[in-house]
Amino acid sequence: FHPNGWLPQRSPRRPARLDADALPEQLELRAPRIGDRIKPLGLKGHTQKLSDVFINLRMRDKLVAADAQGFVRVLKGETLEFLPWSEMGTYLGLIDIWKADAVEAKALTGESDIERAARFFAALGPREVVLTHQDGVLIHADGKNFHFGFFPESMIGRSGRGDTCLGSYTAM
């Protein structure tokens with residue numbers, strides 16, 4: 001359990017739970033906004049605008065990769081919902097590799113066709129777009145689409161599949 005008392009307890013077999021009695025009076029779970037401030041490790045407790053984190057990484061010639069889920073999935077009650085992300089164009093202009101799954105891509109672009117969704121995202125700035133779907137992954141880079149299948153020995157649920165895919169892709 002986190003020392004400040006309200007962050008979720010995690011267990012590999014149970015979903016995260018929040019202690020309602022320990023929550024701050026005003027708690028808002030939403031997609032990040034350009035003006036949001038965070039406390040990155042290494043800044044000794046100082047805050048920095050989230051957008052500045054992306055800009056500073058780009059200025060240092062660092063590869064910036066991001067996953068859609070942290071920007072569009074919002075907890076409402078006990079369910080996760082996809083909400084519109086009005087600042088998507090601004091953030092995607094600061095990202096080198098953008099990863100989304102087919103459901104997130106449709107929610108953000110309105111496109112069921114993953115190739116059209118990938119082109120939509122690429123037009124907003126990322127050099128490369130990684131879109132996972134039930135059969136594999138689509139990589140959109142240099143204006144071209146590359147399709148690769150998933151061939152797992154076994155797959156139970158969806159947890160971690162996209163994270164593993166993005167981590168493996170960026171490590172290449």
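Anything mentioned here points back to the structure above.
Here is what the cut-offs are and how they apply
Residues numbered from 1 in each chain as written. Predicted model: local features only at pLDDT ≥ 70, side-chain atom pairs only at ≥ 80, totals over all residues. Heavy atoms only, no water. Axes fitted to C-alpha atoms, helices over the stretch in contact; angles between N-to-C directions. Helix = DSSP H or I, 4+ residues; strand = E, 2+ residues; numbered from the N terminus. Parallel < 35°, antiparallel > 145°, perpendicular 65-115°, else oblique. Left-handed = near helix turned anticlockwise from the far one by under 90°. Contact = heavy atoms within 4.5 Å. Nonpolar A, V, L, I, M, F, W, Y, C, P; charged D, E, K, R; others polar. Buried < 20%, exposed > 50% of the residue type's maximum accessible area, 1.4 Å probe, protein only.

### Examining the packing of helix α4 (residues 102-109) against helix α5 (residues 114-123)
At a minimum axis separation of 10 Å, α4 and α5 run at an interaxial angle of 60°. Here α4 lies oblique to α5, going by the angle between them. Crossing of α4 against α5: the hand is left-handed. Along the contact surface, α4 presents Ala 102, Ala 105, Leu 108 and Thr 109, while α5 presents Ile 114, Ala 117, Phe 120 and Phe 121. Among the residues forming the contact of α4 with α5, the class breakdown is 7 nonpolar, 1 polar and no charged.

### Considerations on unusual backbone geometry
A positive phi angle, close to 55°, is found at Asp 142, a residue other than glycine. If you trace the backbone, Asp 142 turns up in the loop between β10 (136-141) and β11 (144-149). For Asp 142, a relative accessible area of 73% gives the class exposed.

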